[in-house]
Amino acid sequence: MVSSVRLDFNLQDILEQLSQDELSQFKSLIRTITPGNELQKIPQTEVDEADGKQLAEILTSHCPSYWVEMATIQVFEKMHRADLSQRVKDELRETIRKGEPNPVDLDEMLVRFEAEAQGKEDRHRGILKMKLQQMWKAWPGDSKEVQAVAQRYTTLIPFSNPRLLPGPFPHTVVLHGPAGLGKTTLAKKLMLDWTEDNLSHKFKYAFYLSCKKLSRLGPCSFAELVFRDWPELQDDIPNILAEAQKILFVVDGLDELGAPPGALIHDICGDWLKPKPVPVLLGSLLKRKMLPKAALLVTTRPRTLKDLQLLAEKPIYIRVEGFLEEDRRAYFLRHFGEEDQATRAFELMRSNTALFQLGSAPAVCWMVCTSLKLQMEDGEDPAPTCHTRTGLFLHFLCSRFPKGAELGRTLRALSLLAAQGLWAQMSVFHAEDLESLGVQESDLRPFLDRGILRQDRDSKDCYSFLHLSFQQFFTALFYALEKEEEEDGHAWDIGDVQKLLSGEERLQNPDLIQAGHFLFGLANEKRATELETTFGCVMSREIKQELLQCDIICDEDRYSTLTDLKEALHCLYESQEEELVKGVMAPLREISLHLSATDIVTSSFCLKHCRSLEKMSLQVIKAKLPENVTASESDAEVERSQDDQHMLPFWTDLCSVFGTNKDLIILEVNNSFLSASLLRILCEQIASDTCHLQRVVSFKSGCNITSEMETKDSSLAFRFSGMTCSHFSPRLVSCSATTQQWADLSLALEVNQSLTCVNLSNSELLDEGAKLLYATLKHPKCLLQRLSLENCHLTEAICKDLAAVLVVSRELMHLCLAENPLSDTGVKFLCEGLSYPECKLQTLVLWNCDITSKGCCHLAKLLHEKSSLTNLDLGRNDIGVPGVQGLCEALKKPLCNLKRLWLWGCSIPPASCENLSYVLSCNQTLITLDLGQNPLGYSGVKLLFETLTHANGTLQTLRLKIDDFTDELDKLLKEIEGSNPQLTIDTEDQEPWKKRPSSGYFIV
């Protein structure tokens, strides 16, 4: 018997409320709770005869308080008295909150209590499961789409996808990407899968290491670092670590460790008992000096990738991109419920390109939906809110608080905290950071309750903003608020406005860029008033003058890059403050605009304030599209984006300056891609009666104007030459030329930057002419994307020079070398160039190039690693069984990006069909496989068809030759049609002598 203990809830009062039957049930059930049940030693009759008050006295006299508290909750839950169970929990939580500076998690205490009766492995798994399941509850808004995105990426991780074969070495997987896109969510999803036994066959133990939590931890041993939160495993540490191949370590937020450059690779250690700084221990783990057989999953933002490349052994890099467009659309629909409202809100966000990009972060999507839905419910027009990011963020922030909230002091402290963290490249704030500013948790409560700040569930004294963009917004607020006399940013290592906008600082810390944009947005008088009215703060009226004193736009002699001007225009547009825009733009006499369709809105807003402008150079370029978009699809997509009804009025505004600005007399249109609509508007504005232009010159452009235009002003000289609506693609086919003529062609390619496609098929280029061509292709001004050198009498000797081209060419994506005797040696040289990460080549045609299985092995080795190559034609090369086997091994690897493979007429026998069948069953990238004109035999074709009846891969087209078409094969074909309707099987046996099967994917 122990002395009577004090409980943190009123047990006697609760027991006295029970009926006699309920009290008897309570007595019966509490005897079943194990372990540590001291009631087993008390006579049964004493317990049975006790009333509620007496039973409370018995329990507190014989049992530890912790056991009584946990056991009481369990018994009430078994009695289905959730009300009493919740009452006990509420009383315990209140007592814990008042009495402890670092309160423990009651739910975790319960799980640990229940787990004490289980084995240590199950106990570890159960406690982890409870913690991770709480994660979804902490996420603002519905998490269904978040979970769907996490599931999508989980299939890319080798040890979490049963369809991916395990590698010969322990995996290191690196999830990287900007802040807030779901890297931590994905890491925790993987851990949750393990707790639910989905990965238990691969890992016996899994440990989650949060770098934000470890960043303040002093030197310790690796064992202490891993097991400090797992007291129940302390006795088994040597046995657990001895089976490292059965352990998964998740290192989350490596960038949040705050380690100085080089700290991770300094003093690498393999002794898990030796105390070392945390960065050294994690660096040793990543370098595989510590527990080399363990599996590792690392999440990080891009800034630590350079250190990781020095550390990680054979890592698999997976870029996390967050919500795709279809995810965002689905999320809007779920949030709004009503389709018309959801569609309108979604289109409003999409109309602002910068805001739409931010929407890939689930938290930003939630913020946008919350803000726009509130406006729609109040009968307001949400369109103006979406014009700028600042407008939307400001509306969201102010809508969360009542007018006159009088939170100016807390707002100032938060803005200082945000700026301090952003300059230090830290997004997590600890309790001591708050204390240094004199801020208590109670001060933060209004912002925590409204979802602007978050408290970390794993480490209660850690705080962060909802998303990095909110920290950037509050950093801008630090500069925009009226400074107090004692406030000095330098004391907190915070740069001034000039430093915030400097290119050098932004290069070192890219997160400052968006903060600069928000600062321009907060220079708006109307927005300043809204903040003052809501929070009772005082905004600086000098911020506009501070911005004007910065070199926002330099004169012509001091320009650094065109990107600087483009960003300046975006910043000025963000302000929506005409006084500021006039102050910056009015002195300009010349301007050179390098625009995509998305920059037209910002440029049109700013250009109308260039009252002294005399000369304008204009270049409209294509926006970047996904890599899998073909050239023709790209042109069509760009035209659609330019013809968007939202865009055309802004282009009209931009062109209207030719009439409204009397000093603007010279216009140059350089290397531009203009849709028919944009071109028509441009011409109409130039030819209008109000136009003051005296000279319009266009060269190397895509506008389809080849003749001079007549206007009423005969002094206006239009010289639009060599222009086309989409892209300029001359063909030089079947040419025989001298070396000097090839040199002239090379020079033309260097000068003409609109030339993207060249076809020199059947030309007598020879190695000497090829060298001249290759030198041009390496020139930074050469923008050639597609090059065909089919049947140009090239040899293996020239492939070494060509390999160098593949490394340095910024644009070359498609290369045809068909019908050249390159041999295996030539292929080896090409693979050396293709192996460099800088290589952009996507399509390579090696049809009939005298390649054997040896050359195939070089290509297979290349495809094993992450290569840009997605389309490969090896038709009419005798690669044999070893060549096919090598390619199949490569296609099994998750890093292989190959989508289309042509093996027409490669002498592939039936024996190779087993390897090919396995590829068809597991590969998740291949969409076209050409096995035409190969002697696969009846058995080989049957094996392939049997595999396809139950395969669920990505294959869309399969070509093969069938010599003996039987009823059984016909039956299998029908089964494939039913189970795999997207798959087309081409069984024609015509020989494509005049046209290669791959020619449709190599359009020049």
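The shown structure was predicted, so the numbers you read here are calculated from the model rather than taken from an experiment.

### With respect to the overall build of the chain
The helix and strand tally for the chain stands at 45 helices and 22 strands. A total of 1004 residues make up the chain; the buried ones form 52% of that total. Taking as baseline every contact in the chain between residues at least 6 positions apart, the subset at least 24 positions apart corresponds to 77%. Accessible area for the chain stands at about 44,100 Å²; split by element, carbon and sulfur atoms hold 49% of it.

### Thoughts on the sheet that holds strand 16 (residues 814–816)
Two strands in a sheet stick together by hydrogen bonds in their backbones, pointing the same way (parallel) or opposite ways (antiparallel). As summarised here, the arrangement of the 9 strands in space is 14-15-16-17-18-19-20-21-22, forming an open sheet in which the pairing is parallel. One side of each edge strand has no neighbouring strand; the edge strands of this open sheet are strand 14 (757–759) and strand 22 (984–986). Across the sheet, the mean angle separating the axes of adjacent strands is 5 degrees when strand polarity is ignored. Two elements, strand 20 (residues 928–931) and strand 21 (residues 957–960), share 4 bridges in a ladder whose sense is parallel. Counted as the bridge partner of Leu 931 is Leu 960 from strand 21.

### What about helix 10 (residues 183–195)?
Spanning 13 residues, helix 10 covers 19 Å between terminal C-alpha atoms, matching the ideal 18 Å at 1.5 Å per step. Across the 13 residues of helix 10, 12 count as buried, placing the element largely inside the fold. Among all positions of helix 10, only Lys 183, Thr 185, Leu 186, Ala 187, Lys 188, Lys 189, Leu 190, Met 191, Leu 192, Asp 193, Trp 194 and Thr 195 are buried.

### Some remarks on the confidence of the model for the chain
Taken over all residues, the pLDDT of the chain has a mean of 80, while the share at 70 or more is 80%. Between residues 556–563, whose pLDDT stays under 50, and residues either more than four places distant or in other chains, the model counts 7 contacts. The low-confidence segment residues 624–634 (pLDDT under 50) makes 9 contacts with residues lying over four places distant or belonging to another chain.

### Some words on the packing of helix 2 (residues 20–30) against helix 4 (residues 52–62)
Running from amino to carboxyl end, helix 2 crosses helix 4 at an angle of 15 degrees, the nearest separation of the two axes being 11 Å. Judged by the angle between their axes, helix 2 and helix 4 are roughly parallel. Classified by chirality, the crossing of helix 4 by helix 2 is left-handed. Across the interface between the two elements, Leu 23, Phe 26, Lys 27 and Ile 30 from helix 2 touch Gly 52, Leu 55 and Leu 59 from helix 4. Along the lines of polarity and charge, the residues of the contact of helix 2 with helix 4 split into 5 nonpolar, 1 polar and 1 charged.

### Overview of the side chain of Thr 72
Of note, Thr 72 is situated in helix 5 (residues 65–78). Relative accessible area serves as the criterion here: at 0%, Thr 72 is assigned to the buried category. Within the structure, Thr 72 has its side chain in polar contact with the backbone oxygen of Val 68 (distance 2.6 Å). Ignoring any residue separated from it by four or fewer positions in sequence, one finds Thr 72 in contact with Phe 9, Leu 11, Phe 26 and Val 88.

### Topic: a negative patch on the surface
On the surface, a cluster of negative charge is made up of Glu 482, Asp 496, Glu 542 and Glu 546. Along the chain, the position of Glu 482 falls in the loop between helix 24 (468–480) and helix 25 (497–500).

### Here we look at the pairing of strand 20
Remember that side chains alternate between the two faces of the sheet whenever the strand is regular. In strand 20, alternate side chains face the same way, and those of Thr 928 and Asp 930 on one face and Leu 929 and Leu 931 on the other are all buried. For strand 19 (residues 900–902) and strand 20, the ladder comprises 3 bridges, and the chain directions are parallel. For Trp 902, the partnering residue across the bridge sits in strand 20 and is Asp 930. Read from strand 19 through helix 43 (residues 913–922) to strand 20, the crossover connection turns out right-handed. Note that the unit made of strand 20, helix 44 (residues 937–950) and strand 21 has a crossover that is right-handed.

### A few points about the environment of Leu 407
Within the secondary structure, Leu 407 sits in the loop between helix 20 (389–399) and helix 21 (408–423). When the C-alpha positions of Leu 407 and Asp 443 are compared, they lie 8.8 Å apart, and in sequence the two are 36 residues distant. With residues up to four places along the chain from it excluded, the contact list for Leu 407 reads Phe 401, Pro 446, Phe 447 and Phe 535.

### Describing the packing of aromatic side chains
The geometry of an aromatic ring pair is captured by two quantities: the separation of the ring centres and the angle between the planes. Scanning the entire structure with this criterion turns up 25 aromatic pairs. Taken together, Trp 366, Phe 393, Phe 396, Phe 401, Phe 429, Phe 447, Phe 465, Phe 470, Phe 473, Phe 474, Phe 518 and Phe 535 form an aromatic cluster joined through their ring pairs. Arg 328 extends its terminal NZ or CZ atom over the ring of Phe 356, reaching a point 4.3 Å from the ring centre. Cation over ring: Lys 483 sits above Phe 478, and NZ or CZ is 4.9 Å from the ring centre.

### What about the packing of helix 38 (residues 766–777) against helix 39 (residues 799–808)?
One way to put it is that helix 38 packs onto helix 39 with a least axis distance of 9 Å and a crossing angle of 15 degrees. Overall, the two elements helix 38 and helix 39 adopt an arrangement that is roughly parallel. You can see that helix 38 and helix 39 cross each other, and the crossing is left-handed. Residues Lys 771, Tyr 774 and Leu 777 of helix 38 form the contact with helix 39, whose own contacting residues are Asp 801, Leu 802 and Val 805. Split into classes, the residues belonging to the contact of helix 38 with helix 39 amount to 4 nonpolar, no polar and 2 charged.

### Regarding the sheet that holds strand 3 (residues 247–252)
Strand order in this open sheet of 5 strands is 2-3-4-1-5, and the pairing throughout is parallel. The two strands at the open ends of the sheet, each matched to only one other strand, are strand 2 (205–210) and strand 5 (316–319). Within this sheet the neighbouring strands show an average axis-to-axis angle of 15 degrees, counted without direction. For strand 3 and strand 4 (residues 295–300), the ladder comprises 4 bridges, and the chain directions are parallel.

### Quick word on unusual backbone geometry
With a phi angle near 55 degrees, Asn 791 is a residue other than glycine that sits in the positive phi range. Note that Asn 791 resides in the loop between strand 15 (786–788) and helix 39. At Asn 848, a residue that is not glycine, the phi angle is positive and equals roughly 55 degrees. With respect to the secondary-structure elements, Asn 848 resides in the loop between strand 17 (843–845) and helix 41 (853–864). With a relative accessible area of 21%, Asn 848 lands in the partly exposed category.

### What to know about the nonpolar core
Side chains that are nonpolar tend, in soluble globular proteins, to be buried together. Core analysis: the biggest nonpolar cluster contains 150 residues, and Phe 447, Phe 474, Trp 651 and Phe 658 have the highest contact counts within it. When sequence neighbours within four positions are dropped, the list of residues in contact with Trp 651 reads Ile 600, Leu 618, Val 620, Leu 674, Leu 678, Ile 681 and Leu 682. Within the second largest apolar cluster, 75 residues are counted, among which are Leu 794, Leu 812, Cys 849 and Leu 916.

### Digging into the pattern of salt bridges
Two side chains of opposite charge can pair, provided their charged atoms sit close to one another. Under the criterion given, the structure shown has 38 salt bridges. Put simply, Asp 873 and Arg 996 hold a salt bridge, and the shortest N to O gap is 3.9 Å. Taken together, the residues span a long stretch of sequence, with Asp 873 in strand 18 (residues 871–873) and Arg 996 in the segment after strand 22 at a distance of 123 residues. Given a relative accessible area of 0%, Asp 873 falls into the buried group. Notably, a salt bridge pairs Lys 942 with Glu 946, separated by 3.9 Å at the nearest N-O pair. Of this pair, Lys 942 and Glu 946 both sit in helix 44, 4 residues apart, roughly one helical turn. When salt bridges that share partners are traced, they join Glu 525, Glu 532, Arg 541, Lys 544 and Glu 577 into one network.

### Overview of the environment of Tyr 836
Relative to the helices and strands, Tyr 836 resides in the loop between helix 40 (823–834) and strand 17. The class of Tyr 836 is partly exposed, set by a relative accessible area of 45%. Separated by 31 residues in the primary sequence, Tyr 836 and Ser 867 have C-alpha atoms spaced 8.2 Å apart.

### Some words on helix 39
Residues of helix 39 that are buried: Cys 799, Leu 802, Ala 803, Val 805, Leu 806 and Val 807. Its buried side turned inward, helix 39 meets helix 38, strand 16 and helix 40.

### Thoughts on the side chain of His 814
Within the fold, His 814 resides in strand 16. Residue classification places His 814 among the buried residues on the basis of a relative accessible area of 7%. Only 2.9 Å separates the side chain of His 814 from the side chain of Thr 843, close enough to count as a polar contact.

Calculation notes
- Residues numbered from 1 in each chain as written.
- Predicted model: local features only at pLDDT ≥ 70, side-chain atom pairs only at ≥ 80, totals over all residues.
- Heavy atoms only, no water.
- Helix = DSSP H or I, 4+ residues; strand = E, 2+ residues; numbered from the N terminus.
- Buried < 20%, exposed > 50% of the residue type's maximum accessible area, 1.4 Å probe, protein only.
- Contact = heavy atoms within 4.5 Å.
- Areas by Shrake-Rupley, 256 points an atom, 1.4 Å probe, with all protein chains shown as cover.
- Pairing = 2+ DSSP bridges.
- Axes fitted to C-alpha atoms, helices over the stretch in contact; angles between N-to-C directions.
- Expected span 1.5 Å × (residues − 1).
- pLDDT = per-residue confidence, 0-100.
- Parallel < 35°, antiparallel > 145°, perpendicular 65-115°, else oblique.
- Left-handed = near helix turned anticlockwise from the far one by under 90°.
- Nonpolar A, V, L, I, M, F, W, Y, C, P; charged D, E, K, R; others polar.
- Polar contact = N/O pair within 3.5 Å; in protein donor to acceptor, adjacent residues only side chain to side chain.
- Patch = residues over 30% accessible without salt bridge, like charges linked within 9 Å, V, L, I, M, F, W, Y side chains within 5 Å.
- Salt bridge = Lys/Arg side-chain N within 4 Å of Asp/Glu carboxyl O.
- Lys, Arg positive; Asp, Glu negative; His and termini not counted.
- Charge placed at Lys NZ, Arg CZ, Asp CG, Glu CD.
- Right-handed = clockwise from strand over helix to strand, strands pointing away.
- Phe/Tyr/Trp six-rings, centres within 6.5 Å; stacked < 30°, edge-to-face > 60°.
- Lys NZ or Arg CZ within 6 Å of the ring centre and 35° of its normal.
- Core = buried A, V, L, I, M, F, W, Y, C linked by side-chain atoms within 4.5 Å.

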